[in-house]
Each structure stands twice: as C-alpha cells, then as structure tokens.
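Each chain is listed here by its residues.
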Amino acid sequence: MGIIVENLTKKYGPQRAVDNISFEVKTGEVVGFLGPNGAGKTTTMKIITCYMAPTEGDVKVGGLSILEDSEQIKKKIGYLPESNPLYYEMPVLEYLEFVADLQGFPRNKINLRIADMVHMTGLAAEKHKKIGELSKGYKQRVGLAQAMIHDPEILILDEPTTGLDPNQIVEIRKLIKELGKEKTVILSTHILPEVEATCDRILIINQGQIVADGTSGMLRKQSQGQEVLKVNIGEAPVRDEVISALVSLPTIAAVDPISDSNGSFLINSKLNESSRRHIFQMCVQKNWVLMEMTPIETKLEDIFRDLTT
Amino acid sequence: MKAIWIISKRELKVFFDSLIAYILIVVFLGISGFFTWLYGSDVFFTGQASLQPFFGIAYWTLFFFIPALTMKMIAEEKKSGTIELLLTKAVSDWQVIWGKFLACLILIAIALGLTIPYYLTIWAIGPVDHGAVWSGYLGTLLMSMAYIGIGLFASSITNNQIVAFLTSLFVGVFFLIIFDVLANNFTGFTGQLFNYLSLSTHFESISRGVIDTKSLLYFFSVTFFGLFLAESALSKRNIVE
C-alpha cells in the first residue's frame, strides 16, 4: 500500500512547519526521514497518520484521502509517536489488548497475535508489569509492539530507536528491515548510520522542504560529483617524481600528498572520469608498487550538513 | 459503538485499578448516608418515608465528585501525549468523548445503585411513594450526565487537572446557584429564562416525581452542549486558518 503526499503545507500561525512537500512512497519501501530538529518530519508524520489536518494539500494512502477516509486509513497504519506516550498505569498485556481491540483486530485471534508481538519485541519477561514500571528501552518496545499489533500495511515510526541500548538497536533495525520486505515503512531519525542500515530511500527535510531524495548511494554520487581516491605507492623513489607523473595523467584533476604518511596521496579525478586504470598502468610501467587504492566516499554526515546548513 | 465501549471499558478499569472508584463510592455512600439518616434534616427529622433528603445531598456531593472524576480524563491525556496515540487509532474524536462520558456515567450509576438499600430501608419504615423514588434516581442520573458534560468540557480545554477541576466547579456553580439567584431577581422573560437555565429547578421537580419533557430536554441539552464543546476543543488541532 503506497503513500502519495501532494503539495502538503502545514502552518502554525505564520510559520510554515511543512512547506509544499510532495513525495511518493511505494509499497514495500522503507523510507527514512532525515532532518535537523524542527524540520517538519514529525508534523508530516502527524498529518499522514490523520492526527492533524494539513493547511493545504492532501495525502493519499492506498488511494484513500486523509481528508475524507481517515477512519479507514487509521486502521491500516501503525504509528509510534515521537515521545512514545503510553498509559503508564496499564499492564503491558492489557494495553496491547486494548489497542488491538480499538483497531478492530479479530477478537478470536487477539491472544495469539499479542503473544507473537511480545515474543517479537522481546517483552516476554516484562509482560505482566505495568508500563510505568518498565525501563525506557522496554517502553520503546511496547510502543513498537502497539504500532504493529494489528498487522498494519503501513508503519510510521518517529525515532524508533531512541532510548535503546546498542544491542536492542541492532535488533530493532533488523526487525524494521524484516518488516520492510512486505510493509511500507516511514521512519525518522537523527542517527545517520541508522538510515543507511535500514532504509531503501532517504528523504532529507530542512525548514519544511525536501532538499534531497534518493538512495544513500545516489545522494553520495550527487553531492560528490568527482571521484576521490586514496593512493599509496610504496617504495616510491622520490615524492616529487610521483606527483609529476600522476599530474600528467589525462583524467586527474588534482593531487594532494598526505603530509604525515609515507607515500600516500589524495587524488581527485576530473568530473565523470575514473583514474583507477591509469594509475594502475602507470605504476606497472614504472615498476612502482601500488600498496593501496581506496575510493573515498563522502560521508552521509557531510551530505546532511551540506544540505541543511 | 464498539469503539466507544472499548474506551469506556479501559476508563472503568483505570477507575477500579486505582483507588479512585473505591474512594468515590465509599465517600459518596458515607456522606449521603450520614446526612440521610443521622444529621440535619434527615429522614427521622422530617418524619416522612421519603428519599428526598438523600437526593438533596446527592445533588451537592456529585457536584464535587464528578469534576474529580472528569478532570483527568482529557487533560491528562493531553499532557502525557497519549491523546495522540488514541486519536491515531481507528476511532473518531466523538467516540473518545462518548467513551469517557459513558465510563463516568457507569461509575456514578454503580454508586447510586449501592444506595438501593436506603430505598429498601425506607420502604420497611413506612409507606413510600415509589414513583417519586425512581424519578428521583432518574433525576440524579440526568443531573450527573449534565455535570459530566461540563466536567469533560473543562478537562478538554486545559492540560492541567487542577484547572480542569476548578473550571468545572466554576461553570457548575452557575447552573446550581447563580442562575437560580438571578431568576429570583428578575421578572418577566429574563426571570423565566434564568429559571429555565437553573439546574435546581429541574432537579427539584424531577426528584419530587414530576417528569417533564422540558426538564428532560434541559438535561440532555446541557450534557450534549458540554460534550460538543469538549469535542470541539479536541478537534481544534484540525482547524485550518
């Protein structure tokens, strides 16, 4: 079940929290929302989950509009809000039953489903406790369990891994990946490696607008433009000789020796060209030993910083 | 309808899992029992086999108890953010409001049900006007509905429980006393209007056994208006300026 967001705008007073955003999420896609605080990620999610009406624009979930069919849409969405609010006075099992009931999950299958979810999110040891007595990580698991309890076709997770320890984070990411095979997932996060680990596609949002959209590979390529290689030529005769030989190659734009290393260089190729073959052949000709040749990728952090500041 | 009942069930569970329900019932029975049987213009003082003293007391005790029940119902959910969780489930704003309303009403009905022994005792003492007793119970329930409506409205406009409690007392006091006082101070249409708006007018007549459609309409209108305002406050987030 896909989501189509059309010209979505949400104003809080004079401020535009979301400013004319349009994008599409296909069935079975895992999309990550990235963006600094206050960029409009949470507002967009609140609109898709029918909690708030947009000022302008529309969202179509599986062909239904949030403006007209919110009741039906809500049944198909599992939502984990940002601060993970829960009824602290309720025991875990009772709470999950309440949510499953509300979402209209078939009564005769509820117990089985709850047992499944408890197992899946690793809540077995804590299931009889009141939610308020759980640690933050376990509360987060309850939040995830309640979002998934009615087996929704779409999952919207606002910062799903906050408060979890590293082991749990890995587990939850694995779970999201697993779920993403058949479900449509939108998640938001500040943690960049998380998006790379879990998402098929990244949307970077800044000041209410989408500033980048694509797979992490595509974003890299876009922002990078030219190939950067780290090359180490061992037992190199004279550094200057190597540099002049490198510069004379037709595809190389710039060569920077790395100062504190022995015989290492950063090599920028010309736009849309690759110098790897040339460098290799040159070394063979001159009988130099090529110790290292690594393509240097732009980090997602750098792309993020470029786009949002 | 099903969603309303699911929400009510949860609210009732919260009442009974915490001490709220038990404290309410015990204190309600204690106070109303004390004034019905032992103190002031009690049954033995008036010398009539009637539950009139009890209804007079219930009128005031519920005025304080119901806001104590309703104050947290929406205000707390707004404060903790669980309202977002609830409203993104397959329920409408109205269903949430009705669910909470129903839970309060059921709890009050349970408390009133536990005063049936008063009725049986009076019955054993002397000749009772059974019609008046049942219409008294009906009146008390109707009045509770109006109080719950006001209480839920007060709870929906703030996320502070104390503010919600005081607001509903403030609004309630108009219906209980102030409209009545104003009705006595004005003549003609204005006097009649305030007389109609005063809750005590309708409650007194109904607890004496006079079930008037005007009174029924009055209680239902106040209830519905309160709930309507509560729903509006809840769905304010959707307003597009």
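Counting starts from 1 at the beginning of each chain's written sequence and moves along it residue by residue. Here chains are named by letter from A upward and ligands by number from 1 upward, in the order in which they appear as written. Given that this is a predicted model, residues contribute local features only at a pLDDT of at least 70 and side-chain atom pairs are listed and counted only at 80 or more, while totals for whole chains, interfaces and linings are drawn from all residues. The basis for every side-chain value is the complete set of heavy atoms in the structure, and neither hydrogens nor water enter the calculation.

A. Quick look at the pattern of salt bridges. Here, a salt bridge means any Lys or Arg side-chain nitrogen found within 4 Å of an Asp or Glu carboxyl oxygen. Scanning the entire structure with this criterion turns up 19 salt bridges over all chains. Between glutamate 29 of chain A and arginine 201 of chain A there is a salt bridge whose closest N-O contact spans 3.2 Å. Of this pair, glutamate 29 of chain A sits in the loop between β2 (15–25) and β3 (30–34) while arginine 201 of chain A sits in strand β9 (residues 201–206), and the two are 172 residues apart along the sequence. Residue arginine 201 of chain A is classed as buried on the basis of its relative accessible area, which comes to 11%. Note that lysine 230 of chain A is salt-bridged to glutamate 292 of chain A, the shortest N-O span being 3.9 Å. With lysine 230 of chain A in strand β11 (residues 228–234) and glutamate 292 of chain A in strand β14 (residues 289–295), the pair connects residues that are 62 residues apart, well separated along the chain. Each member of the salt-bridge network shares a partner with another, and the members are Glu89 of chain A together with Arg10, Glu11, Glu77 and Lys100 of chain B. Runs of E in the DSSP output that reach at least two residues are strands. Runs of H or I that reach at least four are helices, and both are numbered from the N terminus. Partly exposed residues are those whose accessible area sits between 20% and 50% of the maximum for their type, while under 20% is buried and over 50% is exposed, using a 1.4 Å probe and protein chains only.

B. Highlighting the domain arrangement of chain A. These domain boundaries are the output of an automatic or database domain assignment. By domain assignment, chain A separates into domain 1 (3–214) and domain 2 (226–296). Taking the mean C-alpha position of each, domain 1 of chain A and domain 2 of chain A sit 47 Å from one another.

C. Region of interest: helix α9 (residues 239–247) of chain A. Residue and element names in this part refer to chain A. All buried positions along α9 are accounted for by Val242, Ile243, Ala245 and Leu246. One side of α9 holds all its buried residues, which, seen down the axis, span an arc of 165 degrees. The contact definition used throughout considers only heavy atoms, calling two residues in contact when any of these lie within 4.5 Å. Against β11, β12 (252–257), β13 (264–269) and α10 (276–286) lie the buried residues of α9. In this context, the arc is that of the directions from the helix axis out to the C-beta atoms.

D. Representation of the sheet that holds β9 of chain A. Residue and element names in this part refer to chain A. Judged by pairing direction, the sheet is mixed, and its 6 strands sit side by side in the order β6-β7-β8-β3-β9-β10 without closing on themselves. Edge positions in the sheet fall to β6 (77–80) and β10 (209–214), since each has one partner strand and no second. Ignoring which end each strand starts from, the neighbouring axes of this sheet average 15 degrees apart. Pairing between strands is defined by DSSP: at least two bridges between the two strands are required. Sheet topology note: the β9/β10 ladder contains 5 bridges and is antiparallel. Bridge pairing in β10 links isoleucine 204 to alanine 212. Lying over the sheet, helix α11 (residues 300–308) contacts β3, β9 and β10, oriented at roughly 35 degrees with respect to β9. Note on definitions: angles span 0 to 180 degrees between N-to-C directions of axes, and those axes are lines fitted to C-alpha atoms, for helices only across the stretch in contact.

E. Structural detail: the environment of methionine 52 of chain A. Structurally, methionine 52 of chain A can be placed in the loop between α1 (41–48) and β4 (56–61). Distance in space between the C-alpha atoms of methionine 52 of chain A and lysine 10 of chain A is 9.3 Å, their sequence separation being 42 residues. Beyond its immediate stretch of four places on either side in the chain, methionine 52 of chain A contacts Lys10, Tyr12, Thr43, Lys46 and Ile47 of chain A together with Arg237 and Asn238 of chain B.

F. Local environment of the packing of helix α7 (residues 116–125) of chain B against helix α8 (residues 130–156) of chain B. Residues and elements named next belong to chain B. It is the contact of α7 with α8, at a shortest axis distance of 12 Å, that shows an interaxial angle of 165 degrees. In terms of their interaxial angle, α7 and α8 are classed as roughly antiparallel. Here α7 runs over α8; the crossing is right-handed. Two secondary-structure elements touch here, α7 through Ile116, Tyr119 and Trp123 and α8 through His130, Val133, Trp134 and Tyr137. In this classification, Asp, Glu, Lys and Arg are treated as charged, Ala, Val, Leu, Ile, Met, Phe, Trp, Tyr, Cys and Pro as nonpolar, and every other residue, Gly included, as polar. When the residues that make up the contact of α7 with α8 are grouped by side-chain class, the tally is 6 nonpolar, 1 polar and no charged. Each angle gets one of four labels, with under 35 degrees taken as roughly parallel, over 145 as roughly antiparallel, 65 to 115 as roughly perpendicular, and the rest as oblique. Crossings are sorted by hand: turned counterclockwise from the far helix by less than a right angle, the near helix makes the crossing left-handed, and turned clockwise it makes it right-handed.

G. Here's a closer look at the nonpolar core. Think of a nonpolar core as a cluster: buried Ala, Val, Leu, Ile, Met, Phe, Trp, Tyr and Cys residues, connected wherever their side-chain atoms sit within 4.5 Å. The biggest cluster of nonpolar side chains holds 143 residues, and the ones touching the most others in it are Val59, Tyr95 and Phe98 of chain A together with Leu51, Phe54, Tyr147 and Leu199 of chain B. A total of 11 residues in this core trace back to one element, the largest contributor, which is helix α4 (residues 52–80) of chain B. In this structure, leucine 51 of chain B is in contact with Tyr118, Tyr119, Ile122, Val133 and Tyr137 of chain B, ignoring residues within four places of it in sequence. Residues Ile233, Leu249, Met282 and Cys283 of chain A belong to the second largest nonpolar core, which totals 16 residues.

H. Geometry of the pairing of β2 of chain A. Residue and element names in this part refer to chain A. By the bridge criterion, 7 bridges tie strand β1 (residues 3–12) to β2 in an arrangement that is antiparallel. What sits directly across from tyrosine 12, in β2, is glutamine 15. Remark: 2 residues form the turn of the hairpin made by β1 and β2, two consecutive strands paired antiparallel; glycine 13 in that turn has positive phi of roughly 65 degrees.

I. Fine view of a nonpolar patch on the surface. Residue and element names in this part refer to chain B. On the surface, Leu19, Tyr22, Ile23, Val26, Val27, Ile31, Phe34, Phe35, Leu38 and Tyr39 cluster together to form a nonpolar patch covering roughly 960 Å² of accessible area. Summarising the element assignment, valine 26 is placed in helix α2 (residues 20–38). Of the residues examined, valine 26 reaches a relative accessible area of 57% and is grouped as exposed. Patch membership requires over 30% relative accessible area and the absence of a salt bridge. Like charges are linked within 9 Å, and nonpolar side chains (Val, Leu, Ile, Met, Phe, Trp, Tyr) within 5 Å. With residues, only the protein chains shown are counted as cover, and all accessible areas are computed by Shrake-Rupley using a 1.4 Å probe.

J. Quick look at a positive patch on the surface. There is a patch of like positive charges on the surface, built from Lys75 of chain A together with Lys2, Lys9 and Lys13 of chain B. Structurally, the position occupied by lysine 75 of chain A is in helix α2 (residues 70–76). The sign given to each residue is positive for Lys and Arg and negative for Asp and Glu; His and the chain ends receive no count. By convention, the charge on Lys lies at NZ, on Arg at CZ, on Asp at CG and on Glu at CD.

K. Here's a closer look at the sheet that holds β13 of chain A. Residue and element names in this part refer to chain A. Across the sheet, which stays open at both edges, the 4 strands sit in the order β12-β13-β11-β14 with antiparallel pairing between neighbours. At either margin of the open sheet sits one strand with a lone partner, and together these are β12 and β14. Neighbour-to-neighbour, the strand axes of the sheet open up by a mean angle of 25 degrees, direction not taken into account. Strand direction decides the pairing type here: β11 and β13, joined by 5 bridges, are antiparallel. Within the sheet, the bridge partner assigned to leucine 229 lies in β13 and is isoleucine 267. Sheet strands in contact with α10 are β11, β12, β13 and β14, and its direction is about 170 degrees off that of β14.

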